[in-house]
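# Per-entry structural report
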Amino acid sequence: GENVEQHPSTLSVQEGDSAVIKCTYSDSASNYFPWYKQELGKGPQLIIDIRSNVGEKKDQRIAVTLNKTAKHFSLHITETQPEDSAVYFCAASGSSSASKIIFGSGTRLSIRP
Amino acid sequence: DTGVSQDPRHKITKRGQNVTFRCDPISEHNRLYWYRQTLGQGPEFLTYFQNEAQLEKSRLLSDRFSAERPKGSFSTLEIQRTEQGDSAMYLCASSLYNRLIENTGELFFGEGSRLTVL
């Protein structure tokens, strides 16, 4: 089955700097890669996703890149702000219908003022 | 509030007792998922339903766990003979699946039911 590895587990960046979180997946059949943000006491919330037919997607300060050959995908947050502090999870699924989404172990991002 | 709701939010029980969690998904969503999350880890897939049919169940899931979605709306997750290792946050999520149209596959999560087994 699918296995998703995520690193780093913790990340601290200065406000205004960029943050990068990286993930790898094992199942070459996976074709849908969402990223979720979880704030304390809440369930995860989708922030951006990418499908395997594109290599990059951007939404304001957030961008995701996908390298299917290497089975790597990354989340980039630019101009970080205090409200970006949270736990971020990458995930992978075998279809965009989200039959079963497998999550990475998470990255706790802290933004230093 | 039209989001996913879970009940109870917190449950403390003694080892060996049975517990049941309820999830009410977003009303128009036909898929419902259960995940388990322990501290410092990502959500671990348990099972999911499309309408009332349970389509997949994790092979790691003990026989003490059972989930139902009898009318294709709310779902219950029951844990029998609880063990201390069952202590975790149990997350429910729902999504709208339509194979005829392009679907983002977005899961909408509830805030979870935290189980503590003493």
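Quick summary incoming for the structure in this document. (Residues numbered from 1 in each chain as written. Chains lettered and ligands numbered in written order. Predicted model: local features only at pLDDT ≥ 70, side-chain atom pairs only at ≥ 80, totals over all residues. Heavy atoms only, no water.)

Okay, the interface of chain A and chain B next. Every contact between the two is made by 21 residues of chain A and, on the other side, 23 residues of chain B. Summing both partners gives a buried area of about 1700 Å² for chain A against chain B, and 49% of it is carried by carbon and sulfur. At the surface where chain A touches chain B, the tally comes to one salt bridge. In this structure, E56 of chain B and K100 of chain A form a salt bridge, with 2.8 Å as the shortest nitrogen-oxygen distance. Inspection of the region where chain A meets chain B yields four residue pairs in polar contact (both at pLDDT 80 or more). The set of elements that each furnish at least two residues to the side of chain A that touches chain B consists of β4 (32-38), β5 (45-51) and β10 (101-103) of chain A. By residue class, the composition of the side of chain A that touches chain B is nine nonpolar, eight polar and four charged. (Contact = heavy atoms within 4.5 Å. Buried area = accessible area lost by both parts, 1.4 Å probe. Salt bridge = Lys/Arg side-chain N within 4 Å of Asp/Glu carboxyl O. Polar contact = N/O pair within 3.5 Å; in protein donor to acceptor, adjacent residues only side chain to side chain. Helix = DSSP H or I, 4+ residues; strand = E, 2+ residues; numbered from the N terminus. Nonpolar A, V, L, I, M, F, W, Y, C, P; charged D, E, K, R; others polar.)

With that out of the way, let us pick up the pairing of β4 of chain A. Residue and element names in this part refer to chain A. By the criterion of burial, β4 is predominantly enclosed, with seven of the seven residues buried. Judged by which residues are buried, β4 turns out to be covered on both faces: Y32, P34, Y36 and Q38 on one side and F33, W35 and K37 on the other are all buried. The pairing of β4 with β5 spans six bridges and is antiparallel. Bridge assignment links Y36 to a residue of β5, and that residue is L46. Where β4 hands over to β5, the hairpin turn is made up of six residues, of which G41 adopts a positive phi near 80°. With five bridges connecting them, β4 and strand β9 (residues 86-93) associate as antiparallel partners. Opposite W35, over in β9, you have C90 as the bridge partner. (Buried < 20%, exposed > 50% of the residue type's maximum accessible area, 1.4 Å probe, protein only. Pairing = 2+ DSSP bridges.)

A word on the state of the cysteines. Within the structure shown, the criterion is met by two disulfides over all chains. A sulfur-sulfur distance of 1.9 Å marks the disulfide that ties C23 of chain A to C90 of chain A. Disulfide C23 of chain A-C90 of chain A: torsion about the S-S bond near -100°, hence left-handed. Of this pair, C23 of chain A sits in strand β3 (residues 19-25) while C90 of chain A sits in strand β9, placing them 67 residues apart in sequence. On the basis of relative accessibility, which here comes to 1%, the residue C23 of chain A falls in the buried class. The exposure class of C90 of chain A is buried, given its relative accessible area of 0%. Across the disulfide from C23 of chain B sits C92 of chain B; the S-S distance is 1.9 Å. (Disulfide = S-S within 2.5 Å.)

Turning our eyes to something else, we now look at the sheet that holds strand β7 (residues 62-67) of chain A. Residues and elements named next belong to chain A. The five strands are arranged β1-β3-β8-β7-β6 in an open sheet whose pairing can be described as antiparallel. For this open sheet the edge positions go to β1 (4-7) and β6 (56-59), each flanked by a neighbour on one side alone. Between one strand axis and the next, the sheet turns by 15° as a mean value, whatever way the strands run. Note that β3 and strand β8 (residues 72-77) share six bridges and pair antiparallel. When the bridges of β8 are listed, C23 appears paired with F73. (Axes fitted to C-alpha atoms, helices over the stretch in contact; angles between N-to-C directions.)

Turning to unusual backbone geometry, a few remarks are in order. Here the bond from H7 of chain A into P8 of chain A is cis, since omega is 0°, no more than 30 degrees from zero. With an omega of -5°, the peptide bond between D7 of chain B and P8 of chain B qualifies as cis. Mapped onto the fold, P8 of chain B is located in the loop between β1 (5-7) and β2 (10-13). Its identity is not glycine, yet K71 of chain A carries a phi of approximately 55°, on the positive side.

That is the geometry; function is a separate question.
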